[in-house]
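Inside the fold
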Amino acid sequence: MGILEKIITAMIRGLMYGLAFSIIGGLLGLLMKTSFLVGAYVADIATGCVAMMITAFLSIGSPRKRFQRIKSGDFKAIEASDKGPLYSGIIGVELVVIGLALEAFLH
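A quick note: this is a predicted structure, and the numbers were derived from the prediction, not measured.

Basis of the calculations
- Residues numbered from 1 in each chain as written.
- Predicted model: local features only at pLDDT ≥ 70, side-chain atom pairs only at ≥ 80, totals over all residues.
- Heavy atoms only, no water.
- Helix = DSSP H or I, 4+ residues; strand = E, 2+ residues; numbered from the N terminus.
- Expected span 1.5 Å × (residues − 1).
- Axes fitted to C-alpha atoms, helices over the stretch in contact; angles between N-to-C directions.
- Parallel < 35°, antiparallel > 145°, perpendicular 65-115°, else oblique.
- Left-handed = near helix turned anticlockwise from the far one by under 90°.
- Contact = heavy atoms within 4.5 Å.
- Nonpolar A, V, L, I, M, F, W, Y, C, P; charged D, E, K, R; others polar.
- Buried < 20%, exposed > 50% of the residue type's maximum accessible area, 1.4 Å probe, protein only.
- Polar contact = N/O pair within 3.5 Å; in protein donor to acceptor, adjacent residues only side chain to side chain.

What follows covers helix 1 (residues 3-31). Spanning 29 residues, helix 1 covers 41 Å between terminal C-alpha atoms, matching the ideal 42 Å at 1.5 Å per step. Lys-33 occupies a position one or two residues after helix 1 and carries a positive phi of about 65°.

What follows covers the packing of helix 1 against helix 2 (residues 36-60). Relative to each other, helix 1 and helix 2 sit at 130°, their axes nearing to 6 Å. The angle between helix 1 and helix 2 falls in the class oblique. Of the two elements, helix 1 crosses helix 2, and the hand of that crossing is right-handed. Seen from helix 1, the contacting residues are Gly-18, Phe-21, Ser-22, Ile-23, Gly-25, Gly-26, Leu-27, Gly-29 and Leu-30; seen from helix 2, they are Phe-36, Gly-39, Ala-40, Ala-43, Asp-44 and Thr-47. Grouping the amino acids of the contact of helix 1 with helix 2 by side-chain chemistry returns 7 nonpolar, 7 polar and 1 charged.

Before going further, it helps to examine the environment of Glu-103. Considering the arrangement of structural elements, one finds Glu-103 in helix 4 (residues 84-104). The partly exposed category is assigned to Glu-103, whose relative accessible area is 23%. Residues Glu-103 and Ala-40 lie 63 residues apart in sequence; the distance between their C-alpha atoms is 8.6 Å. Polar side-chain contacts of Glu-103 include one of 2.7 Å to the side chain of His-107.

Here it is as structure tokens:
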């Protein structure tokens, strides 16, 4: 799978996740006696931030892995999974953008 296919797949998944978290957050917003849009954009921005934290973890590695790499003297690039940090990074940014777009509808 080429890099362009990974990016397109991540963007499609980001849209699906954005829609799903918007609906879930909107319903929770209605349960908490706020508007649907408030719950939707809070849920999208929160999940986008979590996805970007996962991206940072995949890019940098866990503290144990970094310590073992420094101890062994192996300073090679971090071996990422097949999808790597690019996948979750695109989804995270896309979720935050969707959340901010929903927030803009409130003004």
